[in-house]
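Next come the chains, spelled out residue by residue.
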Amino acid sequence: MRERTFAPSRILIYLIVSLIAVAWLAPLAVVVLNSLRTNEEIAQGSMIGWPQHLAWSNYATAWSGFCVAETCAGIRPYMLNSALITIPATILSTLLGAVAGYAVSLWRFRGDNWIYGIVTLGIFLPQQMRLLPWTIVLRDTGLMNTLTGLVVIHTIQGLSFTTLFCRNYYVAIPHELIRAARIDGAGFFRIFWRIILPLSPPILVVTVIWQFTHIWNEFLYGVTFTTGQQQPVTAALIALSAAVADIPQHGVQSAAVIIAALPTLLIYLLGGRYFVRGLTAGAVK
Amino acid sequence: MTIAVSTRPGRPAAFDWVRRLPEYLTIWVPLLLSAAHLIAFTLWTIWISFTPSTLVPVSGWVGLRNYSAVAASRNWQIALDNLLLFGSAFVLLSLVTGLVLAILLDQRIRGENVLRSIFLYPLAVSFVVTGTVWSWLLNPGLGIQKLVHDLGWTSFRFDWLIDRDMAIWTIVIAAIWQSSGFAMALFLAGLRSVDADLIKAAQIDGAGPVRMYRRVILPTLWPITITVIVIQLQFAISTFDLVRALTNGGPGIATQLPALVVYDLMFQRSLLGRGAAAAVLMLLILLAVLLPYAAWRYVQRRRAIHA
C-alpha cells in the first residue's frame, strides 16, 4: 500500500483527491473572479463566471469608495480598525501568556496548578456567557464603542490560549536548567530573558499566528461592542451586505471580501506549518 | 511546587517580599485577571438569568421564570431542533470527510503539502467571509442554480437557501467546507504515529490494504476520533458568525441556532434576563458534551499511568 506505483488504484486516489481539492478551491476562485467582473456583468449572468474584461476598479471602490450607512470611505477605515485591535491584542496576549506559561510550568508557585486549570477553562466557556458582563464593564469604564475596549477583551480572553500553548511548550524544558540558573542567583526575569525567551521562537510564532487569525476573524464582540466607524472589518462586511441589499454590487463586495480575508490568508500561506501546529496544539491538551 | 522564598541569612523577610514585588505582580496579575473574569462573568451571567432584567440589569429574583420563558419560546425550540440536526450532520460528515482525506493523503502521494494546504486554508478565513461567499454560491438566483440554468438545464433546482426545510443544510455544507480540514489534520497526525511494527506484522500476515485499515490502523484512531467529535460539537453549539452571514437565521426563523437566540434576546429584544438564561442553557448543553469527555480523558490518563 505504500510504494509509488501507478496502478489504477493510485490513479483513482489522485482523481478523488484532485476533485475534492477543486471543490475546496472553488469558492475562493469564484470570489476572486467576481472581484474582477463589473456589477452589471454579474447581474446579467451568475456569480460564477469568467471576467470579460478585468474590472480592477472594484478594488479601488471596495478599498475607499463604497458607502455603508452615511459614510463613503470604503473598507479602509474598518481594515485599519481591525489592525489596531488585532496587532496590540496579539502582542500583549502572547507576551503575557509566555510569562504566565513560564511561571506555571518552570517557576512554580503555590496554587499554580489551580490557577492554570481555571485559566484554561476559558478555552471552553462560550462567548455568550461573557457578553453581558463585558457590556457592563465596558460601559462603566467608558470603553464601550472603542478599539481599546476590544483590545482589552481580546488580550484577557486570549490569555487562556496563549498560556496553554506556552506552558505546554515550556514543560519540556529540563527543570535542572532552571535550578542551576537559580543557584547562580538568577531571578525570575533574568531566567525568562536569558533562558526561556531564546528557546521560545517556535512557540511564539505559533501563538502569534493563532492569536492574530482569531482576533482578526472575530465577529461577535466586534458587532456587539462597537458601532459605525469603530467596527472591525468582519462586522463591516455584514453591514455592507445589508447596506447594498437593494442594489447588489457583487463585484465590489467580492473585492471587499478578498481584502478582508487577505491578512489571515497571507499569514496562513507564509506560516502554514505553524498555523497547523496551533490547531493541533489547541486540540490535544 | 513551593514558592521560592529566599532564605539567605541576614536579609529580613519583609525586604525580600518588597524586592520581589515586580515578580509577584507579573505572575499574578495576568493570571488572576483571566481566572477572575472567567469565574466572575460566569456567575454574573447566571445571576442575571434569575433576575427580571430587561433593558438594564436589575436585582430581584424571578426563580426559573426566564428559563421557562426561553424553553417555551418557538425560537428556542427551533434552535434546539436545528442544533440537533446541524450538530449531528456536521460532526458526522466532517469526520468522514476528514478521515477519507487523511487516508488518501497518507498514500505517499505527490504534492501532499499543497493538497493539505488546500484543505486547511478555509480555517484561516473568518466565518463571516465563508458565510458571505456561500450565501452567494447557494443563492438560487445568483449562484450554482443560476449557472446551471444559464447552461441550459432549466429544470435544475438547488434552492435550499430559501427552502425552510432544507436551509439548515446550507449551514452544514459551509461548515463542512470550513472545518473538515481540521479533522483531516488530526487524523493525519494519528495515521503517521501508528506503530510501524504493527503494520509490518499485519503485512507479514498477508493483510491487504482494506483489511489493514479496518483491522489494524483505524482501531488505533478512536481516541483522536473522540477528540475531533468533541471539538466539532463545541464549535456547532456556539455557531454564530457563520449563520449570521449565511442565512441570518432565515428564511423566517428556519435556521435559528442557540447562539442567535441569545444575541436576539440580549441585544435586539432587550430581554437581558432571558438572554442570560439562554446563554446558561447553552453552557449546560456544552457541559453535557465536555464533562463526559473530561471524565473519559481522566480515566485514560489514569490507565496510562498505571499501565
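Here the structure is shown first, and the text comes after it.
Quick caveat, the model's predicted, so the values are computed rather than measured. (Residues numbered from 1 in each chain as written. Chains lettered and ligands numbered in written order. Predicted model: local features only at pLDDT ≥ 70, side-chain atom pairs only at ≥ 80, totals over all residues.)

Undergrad: Quick rundown of the overall build of chain A? Include the residues and the values.
TA: Secondary structure assignment for chain A yields 13 helices and zero strands. When the helices and strands of chain A are listed from N to C terminus, the series reads α-α-α-α-α-α-α-α-α-α-α-α-α. Projecting the C-alpha coordinates of chain A onto the three principal axes gives extents of approximately 75 × 65 × 30 Å. Counting only residues that meet the buried cut, chain A has 48% of its 285 residues in that class. Counted over contacts in chain A with a minimum sequence separation of 6, partners at least 24 positions apart contribute 75%. (Helix = DSSP H or I, 4+ residues; strand = E, 2+ residues; numbered from the N terminus. Buried ≥ 20, exposed ≤ 12 C-beta atoms within 10 Å, placed from the backbone. Contact = placed C-beta atoms within 7 Å.)

Undergrad: Which residues make up the overall build of chain B, and what values do they have?
TA: A tally of helices and strands in chain B yields 14 helices and zero strands. Taken from N to C terminus, the helices and strands of chain B fall in the order α-α-α-α-α-α-α-α-α-α-α-α-α-α. Against the compact-globule benchmark of 19 Å for 307 residues, chain B has a radius of gyration of 26 Å, which places it well outside the compact range. Its C-alpha atoms give chain B principal-axis dimensions of roughly 90 × 65 × 30 Å. When the 307 residues of chain B are sorted by exposure, 41% land in the buried category. Looking at chain B alone, contacts between residues at least 24 apart form 69% of all its contacts between residues at least 6 apart. (Rg over C-alpha atoms; globule rule 2.2 N^0.38 Å.)

Undergrad: Explain the interface of chain B and chain A to me, using residue names and the numbers behind them.
TA: At the interface, 73 residues of chain B touch 70 residues of chain A. Counting residues per element, the side of chain B that touches chain A draws most heavily on helix H2 (residues 21-49) of chain B, which supplies 16 residues.

Undergrad: Describe the environment of Ser93 of chain A, with residues and values.
TA: All names here are of chain A. Secondary-structure assignment places Ser93 in helix H4 (residues 76-107). With 118 residues separating them in the primary sequence, Ser93 and Gln211 have C-alpha atoms 8.0 Å apart. Setting aside residues no more than four positions away along its own chain, Ser93 makes contact with His154, Thr155, Gly158, Leu159, Thr162 and Gln211.

Undergrad: So what's going on with the nonpolar core? Residues and values would help.
TA: Judged by nonpolar contacts, the single largest core of 168 residues is most densely connected at Tyr102 and Ala256 of chain A together with Ala278 of chain B. For this core, the element with the highest residue contribution is helix H8 (residues 167-192) of chain B, accounting for 15 residues. Once you skip the residues sitting within four places of it in the chain, Ala256 of chain A turns out to touch Ala62, Ile75, Leu237 and Leu240 of chain A. (Core = buried A, V, L, I, M, F, W, Y, C linked by C-beta atoms within 7 Å.)

Undergrad: How would you summarise the environment of Val228 of chain B if you had to cite specific residues and measurements?
TA: Residue placement: Val228 of chain B occurs in helix H11 (residues 222-237). For the pair Val228 of chain B and Leu186 of chain B, spaced 42 residues apart in sequence, the C-alpha to C-alpha distance is 7.6 Å.

Undergrad: Give me the lowdown on helix H13 (residues 258-268) of chain B, citing residues and values where you can.
TA: Among the 11 residues of H13 of chain B, eight are classified as buried, and the element is accordingly described as predominantly covered. All buried positions along H13 of chain B are accounted for by Pro258, Ala259, Leu260, Val261, Val262, Tyr263, Leu265 and Met266 of chain B. On the buried face of H13 of chain B, the contacting elements are helix H6 (128-141) of chain A together with helix H4 (74-105), H11, helix H12 (241-246) and helix H14 (272-306) of chain B. Just downstream of H13 of chain B, Ser270 of chain B is the residue with a positive phi angle, here 50°.

Undergrad: Talk me through the packing of H4 of chain A against helix H7 (residues 147-170) of chain A; I want residue IDs and the actual numbers.
TA: Residues and elements named next belong to chain A. Between H4 and H7, the least distance of the axes is 6 Å, while the angle of their chain directions is 35°. Classified by chirality, the crossing of H7 by H4 is right-handed. Tallied by class, residues from the contact of H4 with H7 come to 18 nonpolar, 11 polar and one charged. (Axes fitted to C-alpha atoms, helices over the stretch in contact; angles between N-to-C directions. Left-handed = near helix turned anticlockwise from the far one by under 90°. Nonpolar A, V, L, I, M, F, W, Y, C, P; charged D, E, K, R; others polar.)

Undergrad: Requested: an account of H7 of chain A, with residues and values cited.
TA: Given a rise of 1.5 Å per residue, 24 residues ought to cover 34 Å, and the 32 Å separating the end C-alpha atoms of H7 of chain A matches this to within 8%. Of all 24 residues in H7 of chain A, 22 are buried, a share of seventy percent or more. (Expected span 1.5 Å × (residues − 1).)

Undergrad: Residues and numbers for unusual backbone geometry, please.
TA: Residues Gly250 of chain B and Pro251 of chain B are joined by a peptide bond in cis, for which omega reads -5°. Summarising the element assignment, Pro251 of chain B is placed in the loop between H12 and H13. Despite not being glycine, Arg108 of chain A shows a phi value in the positive range, around 60°. Relative to the assigned elements, Arg108 of chain A resides in the loop between H4 and helix H5 (112-121). Judged by the 15 C-beta atoms lying within 10 Å of it, Arg108 of chain A falls in the partly exposed class. The phi torsion at Arg108 of chain B lies on the positive side, around 50°, for a residue other than glycine. Here Arg108 of chain B lies in the loop between H4 and helix H5 (112-120).

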